[in-house]
Structures are given as C-alpha cells and as structure tokens.
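Coordinates in review
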Amino acid sequence: MAERESIAVFGAGYVGLVTAVGFAELGSEVFLVEIEPRKREALEGGRVPIYEPGLQELYDEVRGRIHLLSAASQLPDSVRLAFVAVGTPPAPSGDADLSAVYAVVDDLVTHTPRGAERAVVMKSTVPCGTGKGILRRFAELGSDLAYVSCPEFLREGNAVEDFFAPDRVVVGEVGDWAGEAVVDLYRPLLEQGVPLVRTDVASAEMIKLAANAFLATKISFINEIANVCEATGADVLEVARGMGLDHRIGTAFLRAGIGYGGSCFTKDVSALKLLASNSGYHFQLLTAVIEVNELQKRRVVQKLERHLGSLAGTRIALLGLAFKPHTDDMRGAASVVLAGRLLGEGAEVTAYDPVAMERARQLLPGLEYRSDPYQALAGADAVVLVTEWPELVALDWRAAAHQMAGRLVIDGRNVLDPKTIAEAGLDYEGIGRPAVASRQPSGAGKEGS
Ligand code: NAD
C-alpha cells in the first residue's frame, strides 16, 4: 500500500469515529482527539462506545493505526489535515451552537507551529458562512492554518458502508494545497467511481444544509399526504409506490410515519431556516416542514385517544425507542415526544428497544423498561411500533396478542402487515392507511375500536 497521509480527527462520536476508522482502514495513521475521558478509555480498552453496525469489527482490525489523544497539543507536527467532527447541537435560539467547533479551532491555532502546513477540515455540519468566519479568525490571529469544508452525509445505522461508498464526496476549498490534500485522501474511493464535487467553501456548507432540508421536506410532504389519505380512504403506501416510480420523484424518503427524528434533520432544518432569516429571507417552506413534523409526532396520541378514550390509567407499550433502527442514538427521537405526551396524559408506559434502552433511561426516566418485547406488551391496552427494528417487525403477533390486555396496534412506521395483525386478533392502525379490525376477538381486556 502506498504511504498514506497521517491525519487528525477531533471528536470520537458517530461521525468522527467512523471517519477515523474508515481512513485508518484506507491506510492512514489517525490521531483521534476526544475530550471525554470515558470515551477515550473505552476505545483504549478496545470497545467502541456507540452502536453502529460493523464499526466494532473494523475498529478491532485497524486499532493499531488509531492513536487516542485528548488535545491538539499532543499532535505530531507532521499531521497536516485536522478533521473536525465535534457536535453542533441547536442553541436555544435554534441556531447551531458552534462552541465545540471554535474550541477545536482555537486549540489548533494555539498548538500549530508558525509556518507549518496544516488545515482545519470541517466535517461537522455548520451554517453557511462559518468557513469564512474561521478564515477571518486565522487572519486576525496571524495563524497560517488553511481551511477546507468537507461535509459528511453518512447515515447512522449504515455509517460504515456509507464511508466507503458515499453518494458523493464534497470538498469546499479556497484553491490552496489543502483542498488537493483532502481530495488525495479520498482518492481510493474516487477511483472506485464515487463522484467528487469540488467547489467553494460557502457552496459546500450550503450543499449539506440544503440536502438535509430537502429530505426532511420530502418526509413532511408524504406525511401530509398520509393525513389526507386517512381522511379520504386512500392508502399512502399505494400512493407512495405510484408516485415513487416517477423517476423525477424517486422512491426514497416517501415513507409516511410518525415524523423524522435524529440529531441532524431537526437541527439542520431549523439552522437553515434561521440562517435564512438572519440574512433577511423568510424561508416559509421550512417553517411548514418543521411544524408538520412536530404535529405528526403528536397524531399518535390522538389515534390512541380515539380508540381508548382518556389515556389516564391506560397502559401503552412502545416498541423501539431509537430515532431509527440499527442505532442507539436517541437524539430527536419521536419516542421522546410521544412518551412525554403519554406520561403527561396519565398513561403508564412500558418500553423495549434492542440497543437504545441505556441511553433512553437517561432521557425518559418515567418509562418502565422491559428486557424483551413480549414483556413490554404484558397487560398493555395498546402498542405503538415506534422504530422499525427487524426483530420488532417480525414479532409473533399471536404471542403478542396473548400478552396484551387490549387489542390496538398502532404501526408508526407502516411496516407491519395489517392482515397478519388482524388474524392475530388485534386491530391494526397505520399512518395514512385504512384501519383493519381484528378477525377474531382476543377476549380479555379493554375494548379496542
Ligand atoms: P457526537 O455528539 O456523536 O460526537 C461529537 C464528539 O465530539 C463527542 O464525543 C464529544 O465528546 C467530542 N468533542 C466535543 N468537543 C471536543 C473537543 N474540543 N475536542 C475533541 N472532541 C470533542 O456528534 P456526531 O453525531 O458525530 O455529529 C458530529 C457533527 O457531524 C455534527 O455537526 C453533526 O451535525 C454532523 N453530522 C452528523 C451525522 C450523524 O448522522 N450523526 C451525519 C452527518 C453529519
């Protein structure tokens, strides 16, 4: 293998860890800088501290090339490319909180020798204009650091695959050595046909925000169609199938459900909306996208009330808590809003998730956690499938019916087969689909509709 450039990655989270492990697999020595001692200790002990399919196995393979550090001062002078993958959560104003990004930038300014060839490579999602601001800061402080925007598009739950086969690599640069060096680092992927978008810094920053805002718009659009389907008797699955075959529309992101979640869509859509309004433009469409999503999460409560009446004293089971399958990430998860509303209405809420329960416990201490899905269903008046984990989609619904006191199954992701549910003696209700009543009474318990 030809000698590969050594790099630094700041932040050992979902993006930073995958980036570090991915580039180590491609042959780089990687200096991974993480401020949280517990994460460093886990990694030093050989354990990946997040759940991401395939990541632990790949880490086991490349561990010898990953060096854990706690600050920029420990970086060898020879490291030229410093990837920044720290969090940019929403500030109370809705703008992106860039304090962690600036902490890294300042750390690098302080600990990069004058005249050294070194660049900040921004993987964190930042508002358009951030790169310009950082370059201004370098100039004010007399720093020779260069800057490249290299936004990340990986999807949690599929992140390792996405690292090696992304839809595109975007490099936003000012035309100096650093852009070329980042392109070289990605060369093995580009040689396999991954498209490269080489552009200016502001456009690269905007590509990331616009892509996420468009995907969120697609989801809110199909959710609104689903709500109209409910009122008219159409089935949104059929509608989406027919729409998606039009190549101008495409099938991706046309799945109606209980709303998008996760750390990225929620914060990036609101960051773009605020970025626009700070620049004097009212981005009306995004206001609607956000509102539709918030209402969608709450519609499940209305469905439950329609069947059960007041929820006070009822027992509701939530299956799946993570914001999507194959991750333990609870940030922005629909389950958080839904559980909060159910507890607020006086319901008892039991819950099960294959990997996210440890994180969920910190956010949702009022839930009763069960170690398998059937236990979560014991005595439940209704169940809501919140996250479409394969093991939950494949549940034995006859066994589930025996556990439940009531009959109602709300399929928050439209992934269950209504006929199977009905044949198990349960009532099916999806999102934007005709409800299907049970074929046989389950006997005990509260009345479904
Ligand atoms: P994360 O919270 O999982 O990880 C961030 C890590 O950075 C944490 O481990 C934190 O301790 C560490 N950190 C904070 N300050 C630090 C510092 N000064 N030095 C070193 N480490 C520091 O976040 P994430 O989900 O990996 O997201 C990182 C960025 O990537 C965000 O801007 C996000 O919007 C963007 N992004 C995320 C995804 C995703 O699916 N998670 C996808 C694309 C882009």
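Turning our eyes to something else, we now look at the domain arrangement of the chain. What the domain assignment reports for the chain is domain 1 (7-199) and domain 2 (234-449). Placing the centre of domain 1 and that of domain 2 at their C-alpha centroids yields a distance of 34 Å. At the junction of the two partners, domain 1 supplies 18 residues and domain 2 supplies 19 residues. Around 1,300 Å² of area is buried between domain 1 and domain 2 when both sides are counted, 51% of it from carbon and sulfur atoms. Considering only the surface of domain 1 that becomes buried against domain 2, Tyr14, Tyr51 and Glu156 emerge as the three largest contributors, covering 42% of it. Here domain 1 is connected to domain 2 by 1 salt bridge.

The next subject is unusual backbone geometry. The backbone of Phe253 sits at a positive phi, close to 60 degrees, despite the residue not being glycine. On the secondary structure map, Phe253 appears in the loop between α10 (236-244) and α11 (263-278). The exposure class assigned to Phe253 is partly exposed, which follows from its relative accessible area of 33%.

Let us now look at helix α2 (residues 37-44). Here α2 has its buried residues at Arg40, Ala42 and Leu43. Axial view of α2: buried residues confined to an arc of 160 degrees, hence all on one face. In α2, those exposed residues whose orientation departs by more than 90 degrees from the buried face are Arg38 and Glu41. Check the buried side of α2 and you find it contacts α1 (14-25), β2 (30-33), α3 (55-62) and β3 (66-69). After α2 finishes, the residue Gly46 shows a positive phi value of roughly 90 degrees.

Below, the discussion takes up the site of the ligand. Taken together, the neighbourhood of the ligand is formed by 25 residues, with Glu34, Lys39, Thr88, Glu156 and Lys267 sitting nearest. Taking Thr88, its side chain carries an N or O atom lying 2.6 Å from an oxygen atom of the ligand. One of the backbone N or O atoms of Thr125 is found 2.9 Å from an oxygen atom in the ligand. Contact with the protein chains removes 89% of the 830 Å² of surface that the ligand exposes when unbound. Elements with a contribution of two residues or more to the shell around the ligand: α1, α4 (99-111) and α11. In terms of residue class, the shell around the ligand is built from 11 nonpolar, 6 polar and 8 charged. Residue contributions to the shell around the ligand reach at least three from each of two domains, namely domain 1 (7-199) and domain 2 (234-449).

Moving on, we get to the sheet that holds strand β13 (residues 408-411). Across the sheet, 6 strands lie side by side as β11-β10-β9-β12-β13-β14; this open sheet has parallel pairing. At either end of the open sheet lies a strand with only one pairing partner, and these are β11 (368-369) and β14 (427-429). Relative to β13, helix α12 (residues 284-308) is tilted by about 160 degrees, and along the sheet it contacts β9 (315-319), β12 (382-385), β13 and β14. Of the strands in this sheet, β9, β10 (348-352) and β12 are in contact with helix α13 (residues 334-344), which crosses β9 at around 175 degrees.

Turning next to the pattern of salt bridges. Following the criterion strictly, the structure yields 31 salt bridges and no others. Close ionic contact of Glu423 with Lys419 constitutes a salt bridge, the shortest N to O distance being 3.9 Å. Remark: Lys419 and Glu423 occur in helix α18 (residues 418-423); sequence separation between them is 4 residues, near one turn of the helix. What makes Lys419 partly exposed here is its relative accessible area of 47%. Put simply, Glu230, Arg299, Lys303, Arg306 and Glu429 are held in one network by salt bridges that share partners.

Inspection of the entire model under this criterion finds 8 aromatic pairs. Arranged with centres 6.3 Å apart and planes meeting at 55 degrees, the rings of Tyr51 and Trp389 form a pair that is tilted. Taken together, the residues span a long stretch of sequence, with Tyr51 in the loop between α2 and α3 and Trp389 in the loop between β12 and α16 (390-393) at a distance of 338 residues. For Tyr51, a relative accessible area of 32% gives the class partly exposed. The class of Trp389 is buried, set by a relative accessible area of 5%. Taking 6.1 Å as the distance between ring centres and 65 degrees as the angle between the ring planes, the aromatic pair formed by Tyr281 and Phe283 counts as edge-to-face. Of the residues examined, Phe283 reaches a relative accessible area of 25% and is grouped as partly exposed.

Attention shifts here to the side chain of Lys303. On the secondary structure map, Lys303 appears in helix α12. Exposure remark for Lys303: the relative accessible area of 2% places this residue in the buried category. Setting aside residues up to four positions removed in sequence, Lys303 forms contacts with Glu230, Ile410, Glu429, Gly430 and Ile431.

Below, the discussion takes up the environment of Ser220. For Ser220, the position within the fold is in helix α9 (residues 201-232). On the accessibility criterion, Ser220 (3% relative accessible area) is buried. Ser220 sits 33 residues away from Phe253 along the chain, and the two C-alpha atoms are 9.6 Å apart. Residue contacts for Ser220: discarding those within four places in its chain leaves Tyr260, Val289, Val292 and Asn293.

This part is about the pairing of β12. Of the two faces of β12, both are covered, the one formed by Ala382 and Val384 as well as the one formed by Val383 and Leu385. Here β9 runs beside β12; their pairing, made up of 4 bridges, is parallel. Each bridged residue has a counterpart across the sheet, and for Ile316 the counterpart in β12 is Ala382. Sheet topology places β12 next to β13; 4 bridges connect them, and they run parallel. Across the sheet, the residue bridging to Leu385 is Asp411, located in β13.

Here is what the cut-offs are and how they apply
Residues numbered from 1 in each chain as written. Predicted model: local features only at pLDDT ≥ 70, side-chain atom pairs only at ≥ 80, totals over all residues. Heavy atoms only, no water. Domains from an automatic or database assignment. Contact = heavy atoms within 4.5 Å. Buried area = accessible area lost by both parts, 1.4 Å probe. Salt bridge = Lys/Arg side-chain N within 4 Å of Asp/Glu carboxyl O. Helix = DSSP H or I, 4+ residues; strand = E, 2+ residues; numbered from the N terminus. Buried < 20%, exposed > 50% of the residue type's maximum accessible area, 1.4 Å probe, protein only. Arc of directions from axis to C-beta. Near = heavy atom within 4 Å. Polar contact = N/O pair within 3.5 Å; in protein donor to acceptor, adjacent residues only side chain to side chain. Areas by Shrake-Rupley, 256 points an atom, 1.4 Å probe, with all protein chains shown as cover. Nonpolar A, V, L, I, M, F, W, Y, C, P; charged D, E, K, R; others polar. Pairing = 2+ DSSP bridges. Axes fitted to C-alpha atoms, helices over the stretch in contact; angles between N-to-C directions. Phe/Tyr/Trp six-rings, centres within 6.5 Å; stacked < 30°, edge-to-face > 60°.

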